[in-house]
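# Chains, contacts and geometry: an overview
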Amino acid sequence: MIEASLKPAALRMLAWGCLWSPLADNEEHQEAWEVLGLPGRFEDVRIEYWNSFHAGMPQPPVPVLLHALLQCEGAGTREDLMRVANYLEVEWDERRLPPDHLGPVCELYGLAIEREEPVLIDGLRDRYLRPWVVAALAALNNRPAMMGLVQRFLNDL
């Protein structure tokens, strides 16, 4: 299995990417949950997770589209992240999320870790991932389980 040969930090970011993805099914979410060593089972928090990060009108309480939560211009954010993906020679498949979705950004971050690209690592972490965490924690002030999840994510950055 190719994942077994990855650096542990890169593998964790791939697992986070899967966990944040709405395209993953419950089994994939549970597998990512276990890889990350999160307490309990994904099923125990599944509804709160979906209601926090994926469901809501006009958007969820904590959008996983970076530009939405960070309140920055979407086209520029997506273009910036597409440049990172192109530099890392990422190939997309038919199951594709927007490039500024937290799931693919975690995958780019993991790939940058694996390839030891310090400028990309620092740039993705400091420009997008940590600011997302700060905003997410502020928005989750009444959801302690989800705050704990986001805090664990921060610990892996």
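Higher on the page you've got the structure.
Notes on the structure in this doc start here. (Residues numbered from 1 in each chain as written. Predicted model: local features only at pLDDT ≥ 70, side-chain atom pairs only at ≥ 80, totals over all residues. Heavy atoms only, no water.)

### Quick word on the nonpolar core
Ranked by size, the top nonpolar core spans 43 residues in total, and within it Trp16, Trp20, Phe53, Trp132, Leu149 and Phe153 carry the most contacts. Contributions of two or more residues to this core are made by helix H1 (8-20), helix H2 (26-35), helix H3 (42-53), helix H4 (66-70), helix H5 (74-87), helix H6 (102-114), helix H7 (118-139) and helix H8 (144-156). The dominant element in this core, judged by the number of residues it contributes, is H7, at eight residues. (Core = buried A, V, L, I, M, F, W, Y, C linked by side-chain atoms within 4.5 Å. Buried < 20%, exposed > 50% of the residue type's maximum accessible area, 1.4 Å probe, protein only. Helix = DSSP H or I, 4+ residues; strand = E, 2+ residues; numbered from the N terminus.)

### Brief notes about the packing of H5 against H7
Each pair of packed helices gets described by two things: the angle between the helix axes and the distance between those axes. Running from amino to carboxyl end, H5 crosses H7 at an angle of 160 degrees, the nearest separation of the two axes being 12 Å. Classified by the interaxial angle, the pair formed by H5 and H7 is roughly antiparallel. Crossing of H5 over H7 shows left-handed handedness. The residues of H7 that touch H5, namely those facing Thr77, Asp80, Leu81, Val84 and Tyr87, are Leu120, Leu124, Arg127 and Tyr128. Classifying every residue of the contact of H5 with H7 gives six nonpolar, one polar and two charged. (Axes fitted to C-alpha atoms, helices over the stretch in contact; angles between N-to-C directions. Parallel < 35°, antiparallel > 145°, perpendicular 65-115°, else oblique. Left-handed = near helix turned anticlockwise from the far one by under 90°. Contact = heavy atoms within 4.5 Å. Nonpolar A, V, L, I, M, F, W, Y, C, P; charged D, E, K, R; others polar.)

### Overview of H6
In an α-helix, one full turn covers 3.6 residues, which means residues spaced three or four apart are oriented alike. The terminal C-alpha atoms of H6 lie 18 Å apart, and with 13 residues this matches the ideal 18 Å at 1.5 Å per residue to within 8%. The buried fraction of H6 amounts to ten of the 13 residues, a majority that puts the element mostly inside the structure. Of all the residues in H6, the buried ones are Leu102, Gly103, Pro104, Val105, Cys106, Leu108, Tyr109, Gly110, Ala112 and Ile113. Of the residues trailing H6, Glu116 is marked for its positive phi of about 55 degrees. (Expected span 1.5 Å × (residues − 1).)

### Re the pattern of salt bridges
With the rule as written, the count across this model stands at ten salt bridges. Residue Arg46 is joined to Glu43 by a salt bridge in which the shortest nitrogen-to-oxygen separation is 3.2 Å. Taken together, the residues span about one helical turn, with Arg46 and Glu43 both in helix H3 at a distance of three residues. A single network of salt bridges, built from pairs that share partners, joins Glu79, Asp80, Arg83 and Arg127. (Salt bridge = Lys/Arg side-chain N within 4 Å of Asp/Glu carboxyl O.)

### What to know about the side chain of Asp100
Position of Asp100 relative to the elements: it lies in the loop between H5 and H6. At 2.4 Å, the side chain of Asp100 and the side chain of His67 are in polar contact. (Polar contact = N/O pair within 3.5 Å; in protein donor to acceptor, adjacent residues only side chain to side chain.)

### Some remarks on the packing of aromatic side chains
Within a pair of aromatic rings, the relevant descriptors are the distance that separates the centres and the angle that separates the planes. Throughout the structure, instances matching the rule amount to twelve aromatic pairs. Residues Trp20 and Tyr49 carry aromatic rings whose centres are separated by 6.5 Å and whose planes lie at 25 degrees to one another, so their mutual orientation is stacked. With Trp20 in helix H1 and Tyr49 in helix H3, this residue pair connects regions lying 29 residues apart in the sequence. The same class applies to Trp20 and to Tyr49, which are both buried. Pairing Tyr49 with Phe53 gives two aromatic rings, centres 5.6 Å apart and planes at 50 degrees, and the pair type is tilted. You can see Tyr49 and its partner Phe53 sitting in helix H3, four residues apart, about one turn around the helix. Here Tyr49 and Phe53 have matching classes, each one buried. In this structure an aromatic cluster arises from ring pairing among Trp16, Trp20, Trp33, Phe42, Tyr49, Trp50, Phe53, Trp132 and Phe153. (Phe/Tyr/Trp six-rings, centres within 6.5 Å; stacked < 30°, edge-to-face > 60°.)

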